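Per-entry structural report
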Amino acid sequence: MTFKNPHTYQNRVISLLNDPELKFIIEEVPQAVEQSLDGMKQVNSIVKAMKSFTNPSEERR
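All values derive from a computational prediction rather than experimental measurement. (Residues numbered from 1 in each chain as written. Predicted model: local features only at pLDDT ≥ 70, side-chain atom pairs only at ≥ 80, totals over all residues. Heavy atoms only, no water.)

Topic: the overall build of the protein
Within the protein one finds three helices and zero strands. Reading the helices (α) and strands (β) of the protein from amino to carboxyl end gives α-α-α. Taken as a whole, the protein presents about 6000 Å² of accessible surface, with 59% of it coming from carbon and sulfur. (Helix = DSSP H or I, 4+ residues; strand = E, 2+ residues; numbered from the N terminus. Areas by Shrake-Rupley, 256 points an atom, 1.4 Å probe, with all protein chains shown as cover.)

Notes on a nonpolar patch on the surface
Taken together, the side chains of Phe-24, Ile-25, Val-29, Val-33, Leu-37 and Met-40 present a nonpolar region at the surface, about 560 Å² in accessible area. Judged by relative accessible area, which is 44%, Ile-25 ranks as partly exposed. (Patch = residues over 30% accessible without salt bridge, like charges linked within 9 Å, V, L, I, M, F, W, Y side chains within 5 Å. Salt bridge = Lys/Arg side-chain N within 4 Å of Asp/Glu carboxyl O. Buried < 20%, exposed > 50% of the residue type's maximum accessible area, 1.4 Å probe, protein only.)

Some words on helix H2 (residues 20–54)
The terminal C-alpha atoms of H2 lie 50 Å apart, and with 35 residues this matches the ideal 51 Å at 1.5 Å per residue to within 8%. At Glu-28, H2 shows its strongest bend, of approximately 35 degrees, with the proline Pro-30 following within four residues. Measuring from the backbone nitrogen of Glu-21 back to the side-chain oxygen at the start of H2 gives 2.9 Å, which picks out Asp-19 as the cap. (Expected span 1.5 Å × (residues − 1). Bend = angle between axes of the 7 residues up to and from the residue. Polar contact = N/O pair within 3.5 Å; in protein donor to acceptor, adjacent residues only side chain to side chain.)

Remarks on the environment of Leu-22
Within the secondary structure, Leu-22 is located in helix H2. Look past the residues within four positions of Leu-22 in its chain and what remains in contact with it is Leu-16 and Leu-17. (Contact = heavy atoms within 4.5 Å.)

A word on the confidence of the model for the protein
For the protein, per-residue confidence averages 88 on the pLDDT scale, and 89% of positions sit at 70 or higher. For the protein, the element scoring lowest by mean pLDDT is helix H3 (residues 56–59), at 68; H2 scores highest, at 95. (pLDDT = per-residue confidence, 0-100.)

Shown next, in the form of structure tokens:
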């Protein structure tokens, strides 16, 4: 996107910063990422538990 007039660029930036969808994304994305990371940790824990259950001899190594 190219703007010949700096004021047009400034107005566009202000418009984007005031966009309710952007505000929603800024507020919600960090929490969504944190929840995704927590979920991946839980899946990792479950997979490790299943591996140790199916191969108990490997747990002793």
